[in-house]
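Given next are the chains, with one letter for each unit.
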Amino acid sequence: MTDRHNWRDWRFGFAVCGMLCLATSVARADGNSPFVGHWRWDPALSKLPPGEPAPTDMALDFERVDAVHVRWTVTVKDAQGRPSLESHDTPGNGEFYPISEDTTASFRMLGPDRLQATFKGPQGETDSMTCTVAPDRRKMTCEGAKSVAGGKPVSYVDVYDRE
């Protein structure tokens, strides 16, 4: 998390990671997780924090969701169309774990279709969000707030569509 671009990348990626951790508890009896697959960020329905540049495109691909691991890849294209790709395999047990050299994340279930995810960065910045999956399994909405050490939290909403 050495620059603003990385902060935005992990916020988008981990919002959905949190939803994948939740998938273990809300998967239907047939064993199909509603979160495994390909998702795309919906800029028309999302609300970024003031001054944060929107990516031109973002895709999330999830290949594993279970009580032990959440495995996903996020691809973000910046305003110039340059892609940035990150893959993670993260424990999903509610404890803080490193997700990069300087960032940790924790996930906590709030109900069968809701999850709270919290991220901590190296300069005291935090990002806490609650993600909810729609009953039709076609949208995920993450409402959150991020802040820098000692600063006032800034709210945002990220919406994702299944492709």
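Computed from a predicted structure; not experimentally measured.

Draft legend 1. Representation of the state of the cysteines within the structure. The final tally for this structure, using the stated rule, is one disulfide. With its sulfur 2.3 Å from that of its partner, cysteine 131 forms a disulfide with cysteine 142. Here the disulfide of cysteine 131 and cysteine 142 is right-handed, its torsion about the S-S bond being about 115 degrees. With cysteine 131 in strand E8 (residues 126-133) and cysteine 142 in strand E9 (residues 139-147), this residue pair connects regions lying 11 residues apart in the sequence. With respect to burial, cysteine 131 and cysteine 142 carry one shared label: buried.

Draft legend 2. How the structure looks around the environment of aspartate 78. Note that aspartate 78 resides in the loop between strand E3 (70-77) and strand E4 (83-90). The exposure class assigned to aspartate 78 is buried, which follows from its relative accessible area of 11%.

Draft legend 3. Geometry of the packing of aromatic side chains. A complete count under the given rule lists zero aromatic pairs for this structure. Here the basic side chain of lysine 120 rests over the ring of phenylalanine 96, its NZ or CZ set 4.3 Å away from the ring centre.

Draft legend 4. Up close: the pairing of E8. With eight bridges connecting them, E8 and E9 associate as antiparallel partners. Each bridged residue has a counterpart across the sheet, and for threonine 132 the counterpart in E9 is threonine 141. Between E8 and E9, which pair antiparallel in sequence order, lie five residues; one of them, arginine 137, sits at a positive phi of approximately 65 degrees.

Calculation rules
Every chain begins its residue count from 1, and numbering advances along the sequence as written. Only residues with pLDDT of 70 or above have their local features reported here, since the model is predicted, and side-chain atom pairs are shown and tallied only from 80 upward, although totals for entire chains, interfaces and linings are computed over all residues. Side-chain figures throughout are based on the complete set of non-hydrogen atoms in the structure, without hydrogens or water. The term disulfide is used for any two cysteine sulfur atoms that are within 2.5 Å. Starting at the N terminus, helices and strands are each numbered in turn, a helix being any DSSP run of H or I of at least four residues and a strand any DSSP run of E of at least two. Each residue is placed in one exposure class: buried if its accessible area under a 1.4 Å probe, protein chains only, is under 20% of its type's maximum, exposed if it is over 50%, and partly exposed if it falls in between. Ring pairs shown here join Phe, Tyr and Trp side chains whose ring centres sit within 6.5 Å, with only the six-membered ring taken for Trp; geometry is labelled stacked below 30 degrees between planes, edge-to-face above 60, and tilted in between. When the NZ atom of lysine or the CZ atom of arginine is within 6 Å of a ring's centre and also within 35 degrees of its normal, the charge is said to sit over that ring. Only strands joined by at least two bridges in the DSSP assignment are considered to pair.

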